[in-house]
Amino acid sequence: MKLKKLALALTATVFASSAALAEDMTIVSWGGAYSASQNNAYHKPYMEKNPGVNIINDESAAEAVAKLRAMNEAGNVTWDVVDVVAADAIRLCDEGLAMEIDHDSMLAAAPDGTPASKDFGDLVVSECFIPQIVYSTTFGYRTDKVGATPPSDVCAVFDMAAYPGKRALEKRPINNLEWALLCDGVAKDKVYDVLGTPEGVDQALAKLDTIKDDVIWWSAGADTPQLLADGEVVMGSTYNGRLFALIEEQKQPVAMLWDAQVFDLDGWIIPTGLSDERTKRALDYVKFATDTQRLADQAKYISYGPARASSAPLVGKHETLGIDMAPHMPTDPNNAKNTFLYNYEFWADNRDDIDAKFQAWLAK
Amino acid sequence: MTDMTAGKSGEVLTTRDGTPLKAALAKALRREKMRAILLIAPLLVFVLLTFIAPIADMLFRSVENQIVEETLPSTVQALGTWNPDEQEIPDEPVFEALFQDMKVAVKEKTHTQVGSRLNYESPGISSLFRKTGRQIRRMDEGDYKAQFLDADKRWGEANVWKTIKQFSPTYTDGYFLSAVDRKRSDTGIEAKPEREQIYIFLFWRTLFMSMVITFTCILLGYPIAFLLANLPLRTSNILMILVLLPFWTSLLVRTSAWKVLLQQQGVINETLYQLGLVADDGRLELINNQTGTIIAMTHILLPFMILPLYSVMKTISPSYVRAAKSLGANDWTAFWRVYFPNTVAGIGAGSILVFILSIGYYITPELVGGTSGTFISNRIAYHISSSLNWGLAAALGTILLVVVLVFYWLYDKIVGIDNVKLG
């Protein structure tokens, strides 16, 4: 008798907890300061508005594509909303792993009534992609190790005579090959034409060869700030928000080299294979989190530019530091004198091929 | 229980109830065996379901290639008669078949999947399929060839059609060829251009570095195991804790600690610089290269060498060495001729553990290996999580598994697996 009661009680608890679980919403993002900014700008206000929903943060955005594919194959998608870079969004869309979005009907219009697709403009690079921020990959340098003439040109990276010391570059061909060609005399609008040929890839690798012995290759965004802070490298590429934190929050002797920064986008996708109820909830969240005010709010915590045109005028001061955020945005006119836009189409096509050459070059 | 019926020779022995003794015995044995199998059944099922089956499934991906035929069935069929030597690009019927296939594929959103699959073999096909997919709805009936060429002129390239034809069979050796830096061309299998060759080189480097790591582990682990086995209990216990403490510490913590120690502005270089042993611009490069990987991995895998060695040495009676010495051997001869041969089983066990663990190591080379100190496992991880080329990752993994098995077999032939003692 006692045993039966116990079993009953157990079943009841299991059911109760699964009922509670039903209200959980798993949002996948990048962790660190970035997730913190989303937590402050989106998650907290959303949960206040919707007390029934409990947001769970998962920090595996870096492996999102592989994990989503595995979940999809297993027929058990446990994520509700996923934060990915635009290139990954395109791949997830191609693989049928992300849901197609009708931006105008599913997302909030700007306060003046401009439909979402117009407000986001060109940043909607895929039918599945809901843009969130514009970030850039750019260089930071140690102000105390570059002598009297701090670098102002991205080609300083290749100038071992003027700026001796190690550099940190990302362990992948994207961005590095573009910079190498730019500094090898290729005109900016010809870079991808050149890179599309085998000779162009060789030319870029030959340019990188001139500094290969002095490069530390990073694979996580936190590597370069650490290497700069330790004085292991003189300059290094990373995401502009990481450098902002290093310079303004940790007060390290580091400055930004905005020249030839590469713009990239980050945003949300909703996985396919969710139940109708979960899809509805995910859409509701995304509609809230990408409205004009919410995107502007995120810029209070991290120096990434909001993806909506209508959010830009609303960007204010940093929440704790109290400094104006606009001059730290990659899109600020002073910073954006010479910029590059990540060429999604080119890299979607050539990534595997060029990466094989790049990795073979790296290994030797 | 058996009752021997006293009688003539040649008569079958039976139990009391009349069944032949042999059958009764076999039955009893069978029952026992069944009981044993039932006992291990939960574990067996668990291992089969959670370990063997996923591995087999993953390895199977290295040859599996249904996607092209499933998504473009009529195109594949229509291409059967196309001969690239006679004709630059296929005729209208193939384009019509492609149109029909694409119409279905676009509806099911599978055309981009085929595009990504074929893009591994020939760059550009991914965008070709994506772009064409967007235009397929606008195509009219008739003259498909012109319409496709209008949608994207790459449909007029023989290479695109050759790729589709070559990778249309359900099973492919393409991934395995890529995994050994080969590819199939018009004339047969040939090596890839030298600047694209990487995997064979990485396999060799993985093997070489694993051997170096195993060897340094023997070199460093042997004396420690000897001390552990021979010091008085009180001291050896403390020593044992010193061996086990890092063993219990998280792998990531230990690897990160090595970063702090080994980097150019790190503890070791700073000390050497302060002592005046190295110049400021001549600091040693101890990390982000092979040296870093070897140092960090030797440290991490050392307990796997020390523990088997220790347990073997513990069983060697001190009287052996004493006997050797009393018979006139000096210290070295007593060690080399008497003590050392007794420890070979421990070295074997330790080496096999360290070698097999290090050959598949991933996280430490990733963090401290830079570019010259990474292993083949890092490329496998890259293809699983970044490039999503799971077929190639599976082929590389299969080769790695086979290499490990071959080494195990070689080891068994040379040393004998029965000689391995783990305790």
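The structure presented is a predicted model; accordingly, all values stated were derived computationally and were not measured. (Residues numbered from 1 in each chain as written. Chains lettered and ligands numbered in written order. Predicted model: local features only at pLDDT ≥ 70, side-chain atom pairs only at ≥ 80, totals over all residues.)

Turning our eyes to something else, we now look at the overall build of chain B. When you go through chain B residue by residue, the secondary structure sums to 19 helices and two strands. Radius of gyration (C-alpha) of chain B: 32 Å, far over the 22 Å computed for a compact globule of 423 residues. Across its three principal axes, chain B shows a C-alpha extent of roughly 100 × 100 × 35 Å. When the 423 residues of chain B are sorted by exposure, 32% land in the buried category. Pairs at least 24 residues apart make up 64% of the contacts formed inside chain B by residues separated by at least 6 positions. (Helix = DSSP H or I, 4+ residues; strand = E, 2+ residues; numbered from the N terminus. Rg over C-alpha atoms; globule rule 2.2 N^0.38 Å. Buried ≥ 20, exposed ≤ 12 C-beta atoms within 10 Å, placed from the backbone. Contact = placed C-beta atoms within 7 Å.)

The next point concerns the overall build of chain A. In terms of regular secondary structure, chain A is built from 14 helices and 10 strands. What you see for chain A is a C-alpha radius of gyration of 23 Å, in line with the 21 Å of a compact globule of 364 residues. Dimensions of chain A, computed from the C-alpha atoms along their principal axes, are close to 85 × 45 × 45 Å. Counting only residues that meet the buried cut, chain A has 48% of its 364 residues in that class. Residue pairs at least 24 apart in sequence account for 71% of intrachain contacts in chain A once pairs closer than 6 positions are excluded.

Another point: the interface of chain B and chain A. Frequently, the measure chosen for interface size is the accessible area that the parts lose on association. Every contact between the two is made by 30 residues of chain B and, on the other side, 26 residues of chain A. For the side of chain B that touches chain A, the secondary-structure elements that each account for two or more residues are α5 (111–119), α6 (125–135), α10 (199–230) and α18 (376–385) of chain B. Among the elements that make up the side of chain B that touches chain A, the one with the highest residue count is α5(B) (five residues). Of the residues in the side of chain B that touches chain A, the class split is seven nonpolar, 19 polar and four charged. (Nonpolar A, V, L, I, M, F, W, Y, C, P; charged D, E, K, R; others polar.)

Turning next to the nonpolar core. Core analysis: the largest hydrophobic core is formed by 157 residues, its most contacted members being Val82(A), Ala86(A), Ala89(A), Leu92(A), Val154(A), Ile269(A) and Leu301(B). The dominant element in this core, judged by the number of residues it contributes, is helix α14 (residues 290–314) of chain B, at 14 residues. The contact partners of Val82(A), leaving out residues within four places of it in the chain, are Val28(A), Ala61(A), Ala64(A), Leu68(A), Trp268(A), Ile269(A) and Pro271(A). Counting 22 residues, the second largest nonpolar core, distinct from the first, contains Met102(B), Tyr144(B), Trp161(B) and Ile164(B). (Core = buried A, V, L, I, M, F, W, Y, C linked by C-beta atoms within 7 Å.)

This paragraph deals with unusual backbone geometry. Residue and element names in this part refer to chain B. Of note, the phi angle at Asp-143 is positive, near 50°, even though the residue is not glycine. Counting through the fold element by element, Asp-143 comes out in the loop between α6 and α7 (144–151). Positive phi outside glycine occurs at Asn-288, with the angle close to 65°. You can see Asn-288 is positioned in the loop between α13 (267–274) and α14.

All names here are of chain B. As a packed pair, α5 and α6 sit with axes 7 Å apart at the nearest point and diverge in direction by 160°. It follows that α5 is roughly antiparallel to α6 by the angle criterion. By crossing handedness, the relation of α5 to α6 is classed as right-handed. Judged by residue contacts, His-111, Thr-112, Val-114, Gly-115, Ser-116, Leu-118 and Asn-119 of α5 engage Ile-125, Ser-126, Leu-128, Phe-129, Arg-130 and Gly-133 from α6. (Axes fitted to C-alpha atoms, helices over the stretch in contact; angles between N-to-C directions. Parallel < 35°, antiparallel > 145°, perpendicular 65-115°, else oblique. Left-handed = near helix turned anticlockwise from the far one by under 90°.)

Right, let's talk about helix α19 (residues 390–414) of chain B for a bit. All names here are of chain B. Compared with the 36 Å implied by 1.5 Å per residue over 25 residues, the 36 Å span of α19 between its first and last C-alpha is a close match. Residues of α19 that are buried: Trp-390, Gly-391, Leu-392, Ala-393, Ala-394, Ala-395, Leu-396, Gly-397 and Thr-398. Gly-416 sits one or two positions beyond α19 and adopts a positive phi of about 90°. (Expected span 1.5 Å × (residues − 1).)

Residues and elements named next belong to chain A. Looking at the secondary structure, you find Asp-332 in the loop between β9 (305–306) and β10 (339–341). Spatially, the C-alpha atom of Asp-332 lies 28 Å from that of Lys-44, the residues being 288 residues apart in sequence. When near neighbours in sequence (up to four residues on either side) are disregarded, Asp-332 contacts Ala-326 and Pro-327.

Moving on, we come to the pairing of strand β7 (residues 235–239) of chain A. Residue and element names in this part refer to chain A. Among the five residues that make up β7, five are buried, leaving the element largely enclosed by the rest of the structure. Pairing of strand β4 (residues 130–142) with β7 involves five bridges; the strand directions are antiparallel. Bridge pairing links Tyr-141 to Met-235 in β7. Sheet topology note: the strand β5 (residues 167–170)/β7 ladder contains two bridges and is parallel. When the bridges of β7 are listed, Arg-167 appears paired with Met-235. (Pairing = 2+ DSSP bridges.)

Summarising the model, chain A shows a mean pLDDT of 90, and 94% of its residues fall at 70 or more. Low confidence marks residues 18–22 of chain A, where pLDDT is under 50. Its contacts with residues over four positions away, or in another chain, come to zero contacts. (pLDDT = per-residue confidence, 0-100.)

As a further point, take the environment of Phe340(A). Residues and elements named next belong to chain A. The topology assignment puts Phe-340 in strand β10. Its 20 C-beta neighbours within 10 Å are what place Phe-340 among the buried residues. As a C-alpha pair, Phe-340 and Asp-189 span 151 residues in sequence and 9.7 Å in three-dimensional space. For Phe-340, the contacting residues outside a window of four places in its chain are Glu-178, Ala-260, Gln-261, Val-262 and Phe-263.

Residue and element names in this part refer to chain A. Buried residues dominate strand β3 (residues 81–85), accounting for five of its five residues. The alternating pattern of β3 places Val-81, Asp-83 and Val-85 on one face and Val-82 and Val-84 on the opposite face, and all of these are buried. Here two bridges tie strand β1 (residues 24–28) to β3, and the two strands are oriented parallel to one another. Bridge pairing links Ile-27 to Val-81 in β3.

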